[in-house]
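Below are the chains, spelled out letter by letter.
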Amino acid sequence: MSRRNISKKRFPQPDPVYSSYLVSLLTTRILKSGKKTIARKIVYQAFDIIRKKTNEDPLSVFEKAIRNASPIVEVKARRVGGSTYQVPIEVSSFRATNLSLRWIIQFSNKRVGRSMAIKLANEIIDTANDIGNTIKKKEETHRMAEANKAFAHFRY
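Residues numbered from 1 in each chain as written. Predicted model: local features only at pLDDT ≥ 70, side-chain atom pairs only at ≥ 80, totals over all residues. Heavy atoms only, no water.

(A) Highlighting the packing of aromatic side chains. Throughout the structure, instances matching the rule amount to four aromatic pairs. Centre to centre, the rings of Phe47 and Phe62 are 5.6 Å apart; their planes meet at 55°, and the pair counts as tilted. Of this pair, Phe47 sits in helix α2 (residues 36–54) while Phe62 sits in helix α3 (residues 58–69), placing them 15 residues apart in sequence. (Phe/Tyr/Trp six-rings, centres within 6.5 Å; stacked < 30°, edge-to-face > 60°. Helix = DSSP H or I, 4+ residues; strand = E, 2+ residues; numbered from the N terminus.)

(B) Structural view of the pattern of salt bridges. Applying the stated rule across the entire model yields five salt bridges. One salt bridge in this structure joins Glu74 and Arg95, with 2.9 Å as the shortest N-O distance. Here the residue Glu74 occupies a position in strand β1 (residues 73–80), and Arg95 occupies one in helix α4 (residues 93–110), the gap between them amounting to 21 residues. You can call Glu74 buried: its relative accessible area is 9%. Linked by salt bridges that have partners in common, Arg111, Glu123 and Asp126 make up one network. (Salt bridge = Lys/Arg side-chain N within 4 Å of Asp/Glu carboxyl O. Buried < 20%, exposed > 50% of the residue type's maximum accessible area, 1.4 Å probe, protein only.)

(C) Inspection of α4 at higher detail. Along its 18 residues, α4 runs 26 Å from first to last C-alpha, staying within 8% of the 26 Å computed at 1.5 Å per residue. Within α4, the full set of buried residues consists of Ala96, Thr97, Asn98, Leu99, Ser100, Leu101, Trp103, Ile104, Ile105, Phe107 and Ser108. As for α4, its buried residues are in contact with α1 (21–30), α3, β1, α5 (116–128) and α6 (133–147). (Expected span 1.5 Å × (residues − 1). Contact = heavy atoms within 4.5 Å.)

(D) Up close: the layout of surface pockets. Space inside the largest pocket adds up to approximately 160 Å³. Surrounding the largest pocket, Arg29, Ile30, Leu31, Lys32, Lys35, Ile38, Ala39, Ile42, Ile105, Asn109 and Met116 form its lining. Looking at the lining of the largest pocket, the elements with two or more residues in it are α1, α2 and α4. Residue classes in the lining of the largest pocket are distributed as seven nonpolar, one polar and three charged. (1 Å grid on protein atoms, 1.4 Å probe; cavity = no way out; pocket = protein on both sides within 12 Å on 5 of 7 lines; lining within 4 Å. Points joined across faces, edges and corners; volume = space filled by probe spheres on them. Nonpolar A, V, L, I, M, F, W, Y, C, P; charged D, E, K, R; others polar.)

See the structure below:
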């Protein structure tokens with residue numbers, strides 16, 4: 001049995017068209033039952049829609065959306081003496097990116113529309129413009145952390 005270094009994070013290969021790690025992370029989040037080509041097709045169609053609607057580089061719009069949706073603090077449940085406290089903690093940059101990707105996909109799935117590509121494109125555009133459900137989720141997370149600031153001394 002070989003021993004692997006467990007602490008190393010494995011990053012996916014950058015995607016072939018935009019050669020960006022963020023785009024390949026988005027593709028793997030959209031992935032359903034291992035169909036990567038379909039997931040890639042959805043992402044690239046969404047980026048084409050973004051290019052048509054905004055007349056900007058879709059990669060820069062997507063990166064702006066990720067920056068806008070990334071939370072700075074979040075709350076984590078911590079049990080102290082039989083009661084559970086919501087303790088605010090700072091979010092690492094990797095986790096912030098992961099959360100923002102998760103939220104963008106979650107809320108684009110909930111949108112009404114015909115294809116996933118259109119819904120994803122609209123959610124990314126809205127998030128880049130600081131509106132939409134993803135931004136609401138980030139603000140809600142920040143509000144929770146602000147409300148529970150009194151329990152910050154339980155940080156671990």
